[in-house]
Amino acid sequence: MPGAGLSGQHVTLGMRLVSLLLSLSCCWAFSCQNSLSSPDFSLPGDYLLAGMFPLHSAPLEARGRPTVTFCDRSNSFNGHGYHLFQAMRFSIEEINNSTALLPNVTLGYELYDVCSESANMYATLSILSALGRHYVEIQGDPAHFSPAMVAVIGPDITNHALTTAALLSPFLVPMVSYGASSMVLNARRLYPSFLRTISSDKHQVDILVLLLQRFGWVWISIVGGEGDYGEVGIQELEYQVTRQGICIAFRDIVPFSARPGDERMQNIIRCLVQARTTVVVVYSGRQLARVFFESVVLAKLTAKVWIATEDWAISSHINSVPGIRGIGTVLGVAIPHRHVPGLKEFEEAYVRADKGVLTFCPQGSWCSSNQLCTECWAFTAQAMPTLAEFSMSSAYNAYQAVYAVAHGLHQLLGCASGACSRVRVYPWQLLEQIRKVKFLLHKNAVTFNDDGNTLSNYDIIAWDWSGPSWTFRVIGSSSPFSVSLDINTTKIRWHGNDNQVPTSVCSRDCPEGHQRVIIGFHHCCFECVPCEAGTFLNKSDPYRCRPCGKEEWAPERSQTCFPRTVVFLTWHEPVSLVLLAANTLLLLVVAGTAGLFAWHLDTPVVRSAGGRLCFLMLGSLAGGTWGLYGFFGKPTLPTCLLRQGLFSLGFAIFLSCLTVRSFQLVFIFKFSARLPTFFRAWVQNHGAGLFVMISSTTQLLICLIWLAVWTPLPTREYKHFPQLVVLGCREANSLGFMLAFTYNGLLSVSAFACSYLGKDLPENYNEAKCVTFSLLLNFVSWIAFFTMATVYQGKYLPAVNALAMLSSLSGGFSGYFLPKCYVILCRPDLNSTEHFQASIQEYTRRCGST
């Protein structure tokens with residue numbers, strides 16, 4: 001029961017309307033005296049409908065104060081509005097002649113010419129008042145408000161519809177518009193009694209956006225017409241296109257006061273030219289659109305794509321502008337062509353019929369000159385408005401609106417039983433039934449959604465000037481249930497000799513792998529910058545090159561990242577096989593040497609080499625050799641821990657033994673006689689073994705601290721090779737490694753010094769040359785390794801490290817043990833006590849002579 005929902009605000013508004021009506025009625029009555037009226041505007045019936053149609057077009061102009069407009073005086077005849085007018089008259093006659101719809105009930109009408117705002121206002125107030133009265137009567141119970149008109153058909157344009165809807169909604173008088181498509185009217189709270197048989201502009205805007213996207217037009221201009229239709233429309237269009245990444249280079253409104261070629265229009269055209277957009281959306285009603293295009297033709301603006309809204313897309317009011325053929329390509333959305341069967345014949349019969357005579361309005365009545373059409377009276381079969389496709393489609397909407405009201409009244413009066421009950425109908429009752437209607441009208445379903453809109457689709461059209469006169473082609477359509485387009489582009493004749501789709505962009509698309517760097521305020525204007533190596537351009541974000549993941553790489557100008565190749569020194573690499581073979585050979589030779597020395601342990605050569613100390617030296621070399629196997633294969637924690645540690649400790653033990661051996665020989669031959677006490681203490685306290693133990697223990701502690709604090713964990717190196725992941729161990733740059741390496745370096749220098757001091761010892765005890773060679777090889781190997789490590793960090797760096805270690809181990813073995821093996825195996829005559837005593841005696845004589 002909507003009566004309970006009518007608040008005190010509605011009553012207050014009604015009282016204000018009464019005051020407004022009283023203040024205006026004096027002016028109207030004074031001006032309407034002796035006005036003529038046409039009988040075609042009225043028809044008696046059991047229930048009356050009001051129709052509001054623009055039979056005339058008042059000139060658009062800005063007004064500073066209210067002005068009463070008499071549509072039949074000094075205004076141009078509107079053929080389009082005439083067809084809408086006749087469509088309602090025809091539909092009422094058709095319904096009254098029907099036995100299925102509203103049987104035994106007749107519908108009547110009061111039709112009004114709403115050529116202007118003031119005419120629209122007076123027509124609305126007339127609808128709300130009782131017949132013959134100059135005021136709106138407010139009932140004590142708003143639910144019992146019952147004007148003479150049970151429903152209103154129209155008006156045509158949004159501005160008029162907003163006024164009418166605002167005045168009718170407090171009284172819940174049903175209003176079904178056939179042409180007002182503005183989204184503002186979707187507000188149920190403000191306009192609860194408004195319905196329409198044309199799609200909402202919300203759907204039209206969605207289709208326009210899809211049309212722009214379909215052809216890749218992202219740099220556009222928008223021109224709207226003043227008023228709710230144009231201004232609200234371009235506001236929604238701007239919001240939607242911006243969300244879809246389309247840029248608006250220029251946006252302006254054609255005011256009501258504009259005239260073709262005036263200063264205001266010249267400024268709009270100049271800005272359009274400066275915007276350098278190929279595509280211009282013209283969201284305007286027919287009258288302002290004509291002003292705009294007349295200015296376009298005057299400015300000789302051509303080679304554009306003009307996007308039309310349904311109000312002017314196929315209107316002869318626009319395509320008849322002189323010179324418009326050369327402006328470019330026109331695409332747009334249009335109401336699908338619907339045919340009202342019998343309307344053309346009805347209009348022809350109207351022209352031939354005897355219309356009677358024009359009568360004067362009764363003194364003080366509401367009929368006025370806005371229920372008069374003198375041009376209609378003068379039509380002949382040879383001179384009458386042509387029922388073009390645009391007017392026929394709009395007339396169908398008016399025809400459909402009348403049938404929607406009739407079906408609602410049919411349900412309200414209980415006509416389903418075969419006879420209608422003739423009871424008083426309150427507006428809110430009829431409104432409830434109209435909202436529920438669902439019927440077929442010439443195979444087209446008619447129903448209203450929650451917003452009071454019918455579900456309808458749009459045709460996508462293109463102007464065609466290929467023939468002698470203007471026409472248009474339907475190139476596609478939209479779906480009323482989902483926002484989608486189906487377009488046949490082969491039907492479009494583009495301007496230009498090549499018939500190619502024009503482009504409308506601020507900047508051309510960047511080549512693959514180039515990011516867009518925005519220039520200025522619009523994201524559509526940019527310059528192209530190539531993506532650096534290690535970054536890629538995601539198609540979802542063309543404005544930023546994104547870095548690849550840690551395990552990925554990309555070359556310059558890449559659109560994707562590629563997995564990095566994981567590399568390490570494998571066992572089956574050729575260089576690995578060579579090093580493994582050399583290391584294994586060294587290990588075997590060391591083992592063989594140990595066996596040889598054990599076999600000849602009591603010979604002078606072995607005793608002079610250190611005796612049992614040689615086995616510690618050979619064992620340390622073997623231990624260092626085992627560490628080399630950790631450089632091959634995928635690095636793991638055990639291999640990273642052992643490979644450098646074993647070598648550092650083993651080589652330190654070897655160098656400690658070599659140092660103390662060289663020191664003892666030098667001390668025995670050169671300083672024992674001078675320092676007998678020190679010599680006895682060294683021998684009695686096992687100085688050689690004690691030094692080796694302390695030195696080796698020191699290196700062992702360094703290695704343990706190194707492995708505990710600076711643990712050489714397996715690493716994945718990404719920096720040096722963008723497409724590779726190099727597996728290795730974190731060791732060369734650690735402080736622990738440098739301490740262990742420095743300690744071995746000190747031992748090497750000590751061994752070299754002691755060996756050099758013994759360069760003049762007896763020949764059998766003189767190891768300076770070989771030891772110097774082996775230690776120099778050690779120094780050179782590690783210098784070469786560290787030099788290589790500063791310039792190369794690839795998969796073969798472990799091989800270089802292993803080669804340096806192998807060189808140190810083999811150099812130490814070769815310099816110290818090979819000469820002795822040679823004597824044992826090849827010169828047994830030199831491995832005798834007599835030879836060694838002779839060598840010592842020769843050294844003694846040489847020292848005595850000096």
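## Comments concerning the overall build of the protein
Helix and strand counts for the protein come out as 24 helices and 29 strands. Residues classed as buried in the protein amount to 52% of the 850 residues present. Taking contacts inside the protein between residues at least 6 apart in sequence as the whole, the part at least 24 apart equals 72%. Carbon and sulfur atoms make up 59% of the accessible area of the protein, which totals about 37800 Å².

## Some thoughts on the nonpolar core
Judged by nonpolar contacts, the single largest core of 62 residues is most densely connected at Leu49, Phe53, Met88, Leu102, Leu107, Ile153 and Leu413. Mapped by element, the contributors of at least two residues to this core are β3 (47–53), α2 (79–96), β6 (107–113), β7 (149–153), α10 (343–352), α12 (389–412), α13 (427–436) and β16 (438–441). Looking at this core element by element, the count peaks at twelve residues for α12. The contact partners of Leu102, leaving out residues within four places of it in the chain, are Ile95, Leu107, Ala406, Leu409, His410, Leu413, Cys415 and Cys420. Within the second largest apolar cluster, 58 residues are counted, among which are Leu579, Leu596, Trp706 and Phe817.

## Some details on the sheet that holds strand β11 (residues 247–254)
With mixed pairing, the eight strands of this open sheet are ordered in space as β11-β10-β12-β13-β14-β18-β19-β20. Edge positions in the sheet fall to β11 and β20 (485–487), since each of these pairs with one other strand and no more. The average undirected angle you get between the axes of adjacent strands in this sheet is 25°. Here four bridges tie strand β14 (residues 328–334) to strand β18 (residues 459–464), and the two strands are oriented antiparallel to one another. Following the sheet pairing, Val333 is matched in β18 by Ile460. Helix α5 (residues 201–214) contacts β10 (219–225), β12 (279–283), β13 (304–308), β14, β18, β19 (471–478) and β20 of the sheet and is inclined by roughly 170° relative to β12. Against the sheet, helix α6 (residues 228–243) engages β10, β11 and β12, with an angle of about 175° to β11.

## Points about the environment of Glu389
Along the chain, Glu389 turns up in helix α12. As for Glu389 and His337, which are separated by 52 residues in sequence, their C-alpha atoms are 6.7 Å apart. Beyond its immediate stretch of four places on either side in the chain, Glu389 contacts His337 and Phe472.

## Quick word on helix α8 (residues 286–298)
Look at α8: 18 Å from first C-alpha to last across 13 residues, which is about the 18 Å you get at 1.5 Å a residue. Among all positions of α8, only Arg286, Leu288, Ala289, Arg290, Val291, Phe292, Phe293, Ser295 and Val296 are buried.

## Let's talk about the pattern of salt bridges
Enumeration according to the criterion identifies 14 salt bridges in this entry. Residue Asp311 pairs with Arg286 through a salt bridge whose shortest N-O separation is 3.2 Å. Of this pair, Asp311 sits in the loop between β13 and α9 (316–319) while Arg286 sits in helix α8, placing them 25 residues apart in sequence. This pair shows no difference in class: Asp311 is buried, exactly as Arg286 is. Where Arg557 meets Glu556, a salt bridge forms, and the shortest distance between an N and an O atom there is 3.5 Å. Since its relative accessible area comes to 43%, Arg557 is described here as partly exposed.

## Here we look at the packing of aromatic side chains
Across all of its chains, the model carries 41 aromatic pairs by this definition. With a centroid separation of 5.8 Å and an interplanar angle of 40°, the aromatic rings of Trp470 and Phe472 are classed as tilted. Residue classification places Phe472 among the buried positions, given a relative accessible area of 16%. Taking the centre distance of 6.3 Å and the plane angle of 55° together, the rings of Phe737 and Phe786 count as tilted. One end of the pair, Phe737, is in helix α20 (residues 735–757); the other, Phe786, is in helix α21 (residues 768–791), with 49 residues separating them in the sequence. Each residue in the set Phe647, Phe651, Phe654, Trp706, Phe737, Phe741, Trp782, Phe785 and Phe786 is aromatic and connected to the rest through ring pairs, giving one cluster. Seen from the ring of Phe215, Arg214 lies directly overhead, with NZ or CZ sitting 5.5 Å from the centre. A cation over a ring is seen here: Lys820 above Tyr816, with NZ or CZ 4.3 Å from the ring centre.

## Here's the deal with α2
Taking 1.5 Å per residue as the helical rise, α2 with its 18 residues ought to reach 26 Å, and the 26 Å between its terminal C-alpha atoms agrees with that figure. Across the 18 residues that make up α2, a large majority, 14, are buried. Its side-chain oxygen 3.0 Å from the backbone nitrogen of His80, Asn78 forms the N-cap of α2.

## Structural notes on the environment of Phe171
Along the polypeptide, Phe171 turns up in the loop between α4 (158–168) and β8 (175–177). A relative accessible area of 9% means that Phe171 is categorised as buried. Counting along the chain gives 43 residues from Phe171 to Leu128, while the straight-line C-alpha distance between them is 8.6 Å.

## A few points about the state of the cysteines
Taken as a whole and assessed by the stated rule, the structure comprises nine disulfides. Disulfide pairing is shown between Cys415 and Cys420; the S-S distance is 1.8 Å. Across the S-S bond of Cys415 and Cys420 the torsion is about 125°, and the bridge reads as right-handed. A residue is classified by how much of its surface remains accessible, and Cys415, at 3% relative accessible area, is buried. For Cys510, the disulfide goes to Cys528, at an S-S distance of 2.0 Å. Its S-S torsion of approximately -90° makes the covalent link between Cys510 and Cys528 left-handed. Note that Cys510 is positioned in the loop between β20 and β21 (514–518) and Cys528 in strand β22 (residues 526–530), a separation of 18 residues in sequence. Classification of Cys510 as buried rests on a relative accessible area of 17%. Under the relative-accessibility criterion, Cys528 is labelled partly exposed at 32%. Take Cys614: it sits in no disulfide, and the sulfur closest to it among the cysteines is that of Cys657, at 8.9 Å. Given a relative accessible area of 0%, Cys614 falls into the buried group.

## Here we look at the confidence of the model for the protein
Mean pLDDT over the protein stands at 85; residues scoring 70 or higher make up 86%. Mean pLDDT per element in the protein: helix α1 (residues 8–32) is the minimum at 42, and β12 is the maximum at 97. Counted against residues more than four places away or in other chains, residues 1–34, with its pLDDT under 50, gives 50 contacts.

## Remarks on the sheet that holds β6
Strand pairing within a sheet occurs via backbone hydrogen bonds; the two strands may be parallel or antiparallel. Across the sheet, which stays open at both edges, the six strands sit in the order β2-β6-β3-β7-β8-β9 with mixed pairing between neighbours. Since the sheet does not close on itself, it has two edges, and those belong to β2 (42–43) and β9 (194–196), each with one partner. Pairing between β2 and β6: two bridges, direction antiparallel. Bridge pairing in β6 links Leu43 to Tyr109. Sitting on the sheet, α2 touches β2, β3, β6 and β7, and the angle it makes with β6 is about 175°. Most of the contacts of α13 go to β9, to which it runs at about 35°, and overall it touches β7 and β9.

## Remarks on the environment of Leu372
Of note, Leu372 is situated in the loop between β15 (359–360) and α11 (374–377). Classification of Leu372 by relative accessible area gives buried; the value is 5%. Each C-alpha atom of the pair Leu372 and Phe41 lies 7.4 Å from the other, and the pair is 331 residues apart in sequence.

## Things to note about a nonpolar patch on the surface
On the surface, a cluster of nonpolar side chains totalling about 310 Å² of accessible area is made up of Trp626, Leu642 and Leu646. Here Leu646 lies in helix α17 (residues 637–671). Classification of Leu646 by relative accessible area gives partly exposed; the value is 33%.

What counts and how
- Residues numbered from 1 in each chain as written.
- Predicted model: local features only at pLDDT ≥ 70, side-chain atom pairs only at ≥ 80, totals over all residues.
- Heavy atoms only, no water.
- Helix = DSSP H or I, 4+ residues; strand = E, 2+ residues; numbered from the N terminus.
- Buried < 20%, exposed > 50% of the residue type's maximum accessible area, 1.4 Å probe, protein only.
- Contact = heavy atoms within 4.5 Å.
- Areas by Shrake-Rupley, 256 points an atom, 1.4 Å probe, with all protein chains shown as cover.
- Core = buried A, V, L, I, M, F, W, Y, C linked by side-chain atoms within 4.5 Å.
- Pairing = 2+ DSSP bridges.
- Axes fitted to C-alpha atoms, helices over the stretch in contact; angles between N-to-C directions.
- Expected span 1.5 Å × (residues − 1).
- Salt bridge = Lys/Arg side-chain N within 4 Å of Asp/Glu carboxyl O.
- Phe/Tyr/Trp six-rings, centres within 6.5 Å; stacked < 30°, edge-to-face > 60°.
- Lys NZ or Arg CZ within 6 Å of the ring centre and 35° of its normal.
- Polar contact = N/O pair within 3.5 Å; in protein donor to acceptor, adjacent residues only side chain to side chain.
- Disulfide = S-S within 2.5 Å.
- pLDDT = per-residue confidence, 0-100.
- Patch = residues over 30% accessible without salt bridge, like charges linked within 9 Å, V, L, I, M, F, W, Y side chains within 5 Å.

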